[in-house]
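A closer look at the structure
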Amino acid sequence: MSLSDKVALVTGGGSGIGKAIAKALLAEGCKVIINGRNEEKLEQAKTELGSNVESMVCDVTDEGQVENTFSSIISNYDRCDILINNAGMAAKAKAHEMKYETWKKVINVNLNGAFLCAREAMKIMIKQKSGRIINIGSISGQMSRPENAAYTASKFGLEGLTRALALEGRDHGIAVSILHPGNVGTDIWKGREEIAEREGLIPLEDIGKLAITMLSMSPNVNILGSVILPITQPYLGRG
Ligand code: NDP
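Residues numbered from 1 in each chain as written. Predicted model: local features only at pLDDT ≥ 70, side-chain atom pairs only at ≥ 80, totals over all residues. Heavy atoms only, no water.

The next subject is the site of the ligand. Lining the immediate environment of the ligand, one finds 28 residues, of which Arg-37, Tyr-151, Val-184, Thr-186 and Trp-189 sit closest. Here an oxygen atom of the ligand and a side-chain polar atom of Arg-37 are 2.6 Å apart. Taking 880 Å² as the accessible area of the ligand by itself, protein coverage stands at 94%. Looking at the shell around the ligand, the elements that each hand over two or more residues are α1 (16-27) and α5 (149-169). (Near = heavy atom within 4 Å. Polar contact = N/O pair within 3.5 Å; in protein donor to acceptor, adjacent residues only side chain to side chain. Areas by Shrake-Rupley, 256 points an atom, 1.4 Å probe, with all protein chains shown as cover. Helix = DSSP H or I, 4+ residues; strand = E, 2+ residues; numbered from the N terminus.)

Side-chain alternation along strand β4 (residues 82-85) places Ile-82 and Ile-84 on one buried face and Leu-83 and Asn-85 on a second face that is also buried. With three bridges joining them, strand β1 (residues 7-11) and β4 adopt parallel strand pairing. Bridging from a neighbouring strand, Val-10 pairs with Ile-84 of β4. Sheet analysis places β4 next to strand β5 (residues 131-136), joined by four bridges and oriented parallel. Note on β5: the bridge partner recorded for Ile-82 is Arg-132. (Buried < 20%, exposed > 50% of the residue type's maximum accessible area, 1.4 Å probe, protein only. Pairing = 2+ DSSP bridges.)

Of note, the phi angle at Asp-78 is positive, near 70°, even though the residue is not glycine. We note that Glu-147 has phi near 60°; this positive angle belongs to a residue other than glycine. Locating Glu-147 in the fold gives a position in the loop between β5 and α5.

A few words on the state of the cysteines. Counted according to the given criterion, the structure contains zero disulfides. With no disulfide of its own, Cys-30 has Cys-80 as its nearest cysteine by sulfur position, at a separation of 11 Å. Cysteine Cys-58 is unpaired, with the sulfur of Cys-117 as its nearest cysteine sulfur at 6.0 Å. (Disulfide = S-S within 2.5 Å.)

Attention now moves to the packing of aromatic side chains. Given two aromatic rings, their pairing is described by the distance between the two centres and the angle made by the two planes. Taken as a whole, this structure holds zero aromatic pairs when the rule is applied. Looking at Arg-192, its charged tip hangs above the ring of Trp-189, at a distance of 4.6 Å from the centre. (Phe/Tyr/Trp six-rings, centres within 6.5 Å; stacked < 30°, edge-to-face > 60°. Lys NZ or Arg CZ within 6 Å of the ring centre and 35° of its normal.)

Residues Arg-37, Lys-41, Lys-105 and Lys-190 make up a contiguous surface patch of positive charge. Looking at the element boundaries, Lys-190 is found in the loop between β6 (174-181) and α6 (193-199). (Patch = residues over 30% accessible without salt bridge, like charges linked within 9 Å, V, L, I, M, F, W, Y side chains within 5 Å. Salt bridge = Lys/Arg side-chain N within 4 Å of Asp/Glu carboxyl O. Lys, Arg positive; Asp, Glu negative; His and termini not counted. Charge placed at Lys NZ, Arg CZ, Asp CG, Glu CD.)

Next comes the structure, spelled out in structure tokens:
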């Protein structure tokens, strides 16, 4: 299916995986909106991505700001065809030492934020009788790393949210899916670069290519979930 002229929102599109997916969508002829909390980061990304991208400052954990983002998308474009629920954060800590604030922050961005954006997108997509939502999960949503309880729980939660929304979407022509990356070299690895380098990294362009493949299926077809890994990443097996 051609993605030309589709209207796509990429949350957290000012950096890393979100920016790479925004770039891939622009190459397919989409109208792309990126959001995030940091206006400077979004402006920098816009300079890189070119004039066909619009940025909107939005904290995805703030219900009012999320509602305003989707109202602006409807005012400006009159539709929303694609949501990439990508905004996210990680926090490394042993569960018994983790501050409750840290737990809540991670769950709030990775899970509650994804729910709020999906809810607003689905209101529009139900009226359109079409739409695609890709949640950016993680292989930590399938297999935990040590010192990663909040992130792991948030990404397992996102898997559950994906299945529930895919079920609700099917009567309305809406496809909801999840893309689980292994290690990708982005800011999320700040302070832990050594692990990512040792285990291997997926090039950002490959995440963009996979997202486009998932979005380009025939309207009645959904790739419910996909896993993308560096060949060298320790994930499968017991040694
Ligand atoms: P980045 O830190 O580069 O990107 C995270 C983005 O999320 C930023 O642009 C940030 O923008 C945005 N963001 C964070 N909190 C909020 C918020 N409350 N509201 C709106 N935007 C927010 O890391 P990645 O690109 O690596 O991460 C993107 C996604 O990919 C995440 O969901 C992550 O869990 C997932 N992922 C990453 C992997 C990796 O190895 N890199 C592996 C598996 C999954 P701002 O600061 O402006 O708000």
